[in-house]
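Spelled out from the first residue to the last, the chains are:
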Amino acid sequence: MTWLTAFKDKKIVVLGAGMTGLSCLRFLHAQNLSIAVNDSRVMPFSSEAELAQYQIDFPHATFIFGQWDQALIANADIIVASPGIDLDKEGITTLINNNCQLIGDIELFCLVNNRLPTPMQMLAVTGSNGKSTVVSLLAHLAKKLGVNAVLVGNIGEPILDLLVTTNSAEQPELVIVELSSFQLETLTSMKAIAASVLNLSDDHLDRHKTLAVYQALKQGIYPQAQIAVISREDKATQSLVAQQSTISFGLSKPESGHFGLALISINEAEEAKQTLMFGEQALIALDELPLAGMHNALNYMAALALGYTAGWSLSAMTNNLAGFTGLAHRCQRVSSEDGIQWINDSKATNVGATLAAISGLAPTLNQQNKLILIAGGDGKGADFAPLVPVLNSQVSQLITLGKDGSEIAALANTTNKAIEVNTLAEAIEQANKIANRGDMVLLSPACASIDMFKNYMVRGEQFIASVTQLQVASNVNEKANVKKDTKEAACR
Ligand code: UMA
Ligand code: ADP
């Protein structure tokens, strides 16, 4: 890779030894470049033995753990920073010299990819919620349509591994990349076919401080794409690039060339149904698709719009939408025999996601049934006030836990006081006492999980495990009662 020869005599520092840092290490090592990997944790690897193995496998790398190496950072020519590191808060920004190039792994990928004889094409997705759903749906459609695409980025697949594991003959046609606001902080060189900010609501404000800064970071994706795919009812998702070609999606009837919804009937005998539309063209009725709720209708449209920009056939995409059944921990029903609907939405790590879950699920309940919400965790500096209207109108009982649980509990109205608990198991126990057949218990925390769990997946798995345990316990009790009844009957 000739362009990287410019890196040859540079002092390259990789900050962070997690998924991103290690992918940088693998890539830069494959280019025969010497680097230093600095992580503030004493042992970011699982053991000393793992570190020793890395030292053998990557002899040109130096590992400095336990604190930020101020001199190393101050003297660096190139710094590749992992997205999870808050450079300001960690005091790193002020150490970096004026001539140093500060980049992230996605930027490094783009700098290299842009200079390949045939650069890999890219579709990029960001937003506060729905990113993983939309990129996974796109990847599903690509597979069904026979497009050689890969899914990378914030979803959990470091992008640089693409340059290590594939040679030019195996190179994918298309890279579908999920981008977080953290990754957008260090990205300026992407040249995507299209990019989308799906939506915007409070998130990561502990790092970005204001919604305006967070929004600007998200909108920074658009100058790096030919086409902007925007949500026309959410101004914050619009492109600020003058005269950029734009395709919009939204819940209203669309104009020609845009995606939207309309209430139409396919024939006179059928009642009118909410239908996905491309201009005047009816695509598919929402009730034929597995992902429920208006937020998922928007996700479907975003994926169709992005696929359309890549030249995919609309009818082929539409025919394959129903084959995608969604991702774990996003409004997923837990199997149960008690007639209660237990819903795991552990991935709702911000207020916007919880609002979407409640407004999507509440209308599916009968009027006499209750919606019991379990929420709380680390709110990351968000304002929970937007939850108030749905807490008052659609939630029958609120159960809170975690670092910011009390703040959410304080929003519940006085006639319907929140129950505050210390553990998720306790929350489920309380919910079980209140819930009857037909009711719904929704874990949709509006918060990150890190104050109590390793990640949102562990939180969701614990929810599933506790609910499953309840079913087992109630089966045992039922059996015990049957036995007791039979014994009593026999004694009479
Ligand atoms: N570290 C320090 N000091 C710090 C913070 C981190 O030394 O103050 C070190 C840690 O010890 C660890 C490394 O940095 O060794 C971790 O780096 P990282 O936090 O950037 O995490 P990675 O493992 O590199 O994973 C990152 C993304 N993580 C974050 O942005 C927090 C992953 O997104 C992403 O999947 C991965 O790169 C591949 O691209 C996760 C995430 O939570 C899923 N994203 C946030 C979200 O979706 O809300 C933005
Ligand atoms: P992300 O990758 O942006 O975190 P996910 O697809 O993983 O998004 O979904 C995260 C949470 O947001 C889940 O609780 C999900 O139900 C909810 N969600 C999904 N799509 C949307 C949307 N378009 N608007 C609001 N919330 C959404």
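Treat the numbers as computed from the prediction; the structure is a model and nothing was measured. (Residues numbered from 1 in each chain as written. Chains lettered and ligands numbered in written order. Predicted model: local features only at pLDDT ≥ 70, side-chain atom pairs only at ≥ 80, totals over all residues.)

K.L.:
What is the right way to look at the overall build of the protein chain in this model?
P.N.:
Scanning the protein chain from terminus to terminus reveals 16 helices and 20 strands. In terms of overall dimensions, the protein chain is globule-like: its C-alpha atoms have a radius of gyration of 25 Å, near the 23 Å expected for 492 residues. For the C-alpha atoms alone, the extent of the protein chain along its principal axes is close to 90 × 60 × 40 Å. Put simply, the protein chain has 492 residues, and 44% of those count as buried. Contacts spanning at least 24 positions in sequence make up 68% of the contacts within the protein chain whose residues lie at least 6 apart. (Helix = DSSP H or I, 4+ residues; strand = E, 2+ residues; numbered from the N terminus. Rg over C-alpha atoms; globule rule 2.2 N^0.38 Å. Buried ≥ 20, exposed ≤ 12 C-beta atoms within 10 Å, placed from the backbone. Contact = placed C-beta atoms within 7 Å.)

K.L.:
Whenever I open this one, the sheet that holds strand β17 (residues 371-375) confuses me. Can you help?
P.N.:
One open sheet holds the six strands; their spatial order is β15-β16-β20-β17-β18-β19, and the pairing between them is mixed. Edge strands, defined here as strands with exactly one partner in the open sheet, are β15 (332-334) and β19 (419-420). Two strands pair when backbone bridges link them, and β17 and strand β18 (residues 397-400) are joined in this way by four bridges, in the parallel orientation. Residue pairing in the sheet places Leu373 in a bridge with Leu398 of β18. (Pairing = 2+ DSSP bridges.)

K.L.:
What exactly am I supposed to notice about the site of ligand 1 here?
P.N.:
Close contacts around ligand 1 come from 21 residues, with Gly16, Gly18, Thr20, Ser82 and Gly84 the closest. By residue number, the principal contributor to the shell around ligand 1 is helix α1 (residues 19-30), which donates three residues. Taken together, the residues of the shell around ligand 1 sort by class into seven nonpolar, 11 polar and three charged. Each of two domains, domain 1 (10-103) and domain 2 (106-327), supplies a minimum of three residues to the shell around ligand 1. (Near = placed C-beta within 6 Å. Nonpolar A, V, L, I, M, F, W, Y, C, P; charged D, E, K, R; others polar. Domains from an automatic or database assignment.)

K.L.:
Sorry if this is basic, but what is going on with the pairing of strand β14 (residues 281-285) here?
P.N.:
Regular strands place their side chains on alternate faces of the sheet. Pairing analysis gives four bridges linking strand β13 (residues 273-278) to β14, with the strands arranged antiparallel. Residue pairing in the sheet places Phe278 in a bridge with Gln281 of β14. Counted along the chain from β13 to the antiparallel partner β14, the turn is two residues long, and its residue Gly279 has a positive phi close to 60°.

K.L.:
For this particular structure, what's the right way to read the domain arrangement of the protein chain?
P.N.:
Reports of interface size often rely on the accessible area that becomes lost once the parts have come together. With domains assigned, the protein chain is organised as domain 1 (10-103), domain 2 (106-327) and domain 3 (332-475). Once you take the C-alpha centre of each, domain 2 and domain 3 turn out to be 29 Å apart. If you look at the interface, domain 2 gives 13 residues, while domain 3 gives 10 residues. At the level of elements, α8 (205-208) and α10 (294-309) are the ones that each hand at least two residues to the side of domain 2 that touches domain 3.

K.L.:
Any chance you could explain the environment of Leu179 here in plain terms?
P.N.:
Considering the arrangement of structural elements, one finds Leu179 in the loop between β8 (174-178) and α7 (181-184). You can call Leu179 buried: it has 30 C-beta atoms within 10 Å. Separated by 54 residues in sequence, Leu179 and Val125 have C-alpha atoms that sit 6.0 Å apart. Once residues within four sequence positions are removed from consideration, Leu179 is found in contact with Ile106, Ala124, Val125, Thr126, Gly153, Asn154, Leu184 and Ile221.

K.L.:
Explain the site of ligand 2 here, please?
P.N.:
Lining the immediate environment of ligand 2, one finds 20 residues, of which Asn129, Gly130, Ser132, Thr133 and Ala353 sit closest. Contributions of two or more residues to the shell around ligand 2 are made by α5 (131-144), α10 and α12 (351-361). If one sorts the elements of the shell around ligand 2 by residue count, α12 sits on top with four residues. Looking at side-chain class alone, the shell around ligand 2 contains seven nonpolar, nine polar and four charged residues. When residues of the shell around ligand 2 are assigned to domains, at least three fall in each of domain 2 (106-327) and domain 3 (332-475).

K.L.:
Which parts of the structure should I look at to understand α5?
P.N.:
Because an α-helix packs 3.6 residues into every turn, residues spaced three or four apart end up facing the same way. With 14 residues, α5 should cover 20 Å at 1.5 Å per step; its first-to-last C-alpha distance of 20 Å lies within 8% of that length. Summarising burial for α5: 10 of the 14 residues are buried, a large majority. Within α5 the residues assigned to the buried category are Lys131, Ser132, Thr133, Val134, Val135, Leu137, Leu138, Ala139, Leu141 and Ala142. Structurally, α5 contributes buried residues whose contacts are with β6 (121-126), β7 (149-153), β8, α10 and α11 (314-321). (Expected span 1.5 Å × (residues − 1).)

K.L.:
I tried to follow unusual backbone geometry on my own but got confused; where do I start?
P.N.:
In terms of backbone geometry, most residues other than glycine have negative phi values and most peptide bonds are trans. A positive phi is found at His329, a non-glycine position, where the angle reads about 70°. Unlike most non-glycine residues, Lys380 shows phi in positive territory, near 50°. Assignment of secondary structure puts Lys380 in the loop between β17 and α13 (388-393).

K.L.:
Just checking my understanding: could you explain the sheet that holds strand β3 (residues 61-65) for this structure?
P.N.:
Two orientations exist for strands paired in a sheet by backbone hydrogen bonds: parallel and antiparallel. A sheet is described by the order of its strands in space; here five strands give the open sequence β3-β2-β1-β4-β5, paired in parallel fashion. Each end of this open sheet is capped by a strand with a single partner; those strands are β3 and β5 (101-103). When strand polarity is set aside, the average angle formed by the axes of neighbouring strands in this sheet is 20°. (Axes fitted to C-alpha atoms, helices over the stretch in contact; angles between N-to-C directions.)

K.L.:
What am I meant to see in the packing of α5 against α10 here?
P.N.:
Packed helices, taken two at a time, are described by the angle their axes make and the gap between the axes. Contact pair α5 / α10: the axes reach a minimum separation of 9 Å and the direction vectors enclose 50°. By the angle class used here, α5 and α10 are oblique. The hand of the α5/α10 crossing is right-handed. Here Thr133, Val134, Leu137, Leu138 and Leu141 of α5 come into contact with α10, specifically with Asn299, Ala302, Ala303, Leu306 and Gly307. (Parallel < 35°, antiparallel > 145°, perpendicular 65-115°, else oblique. Left-handed = near helix turned anticlockwise from the far one by under 90°.)

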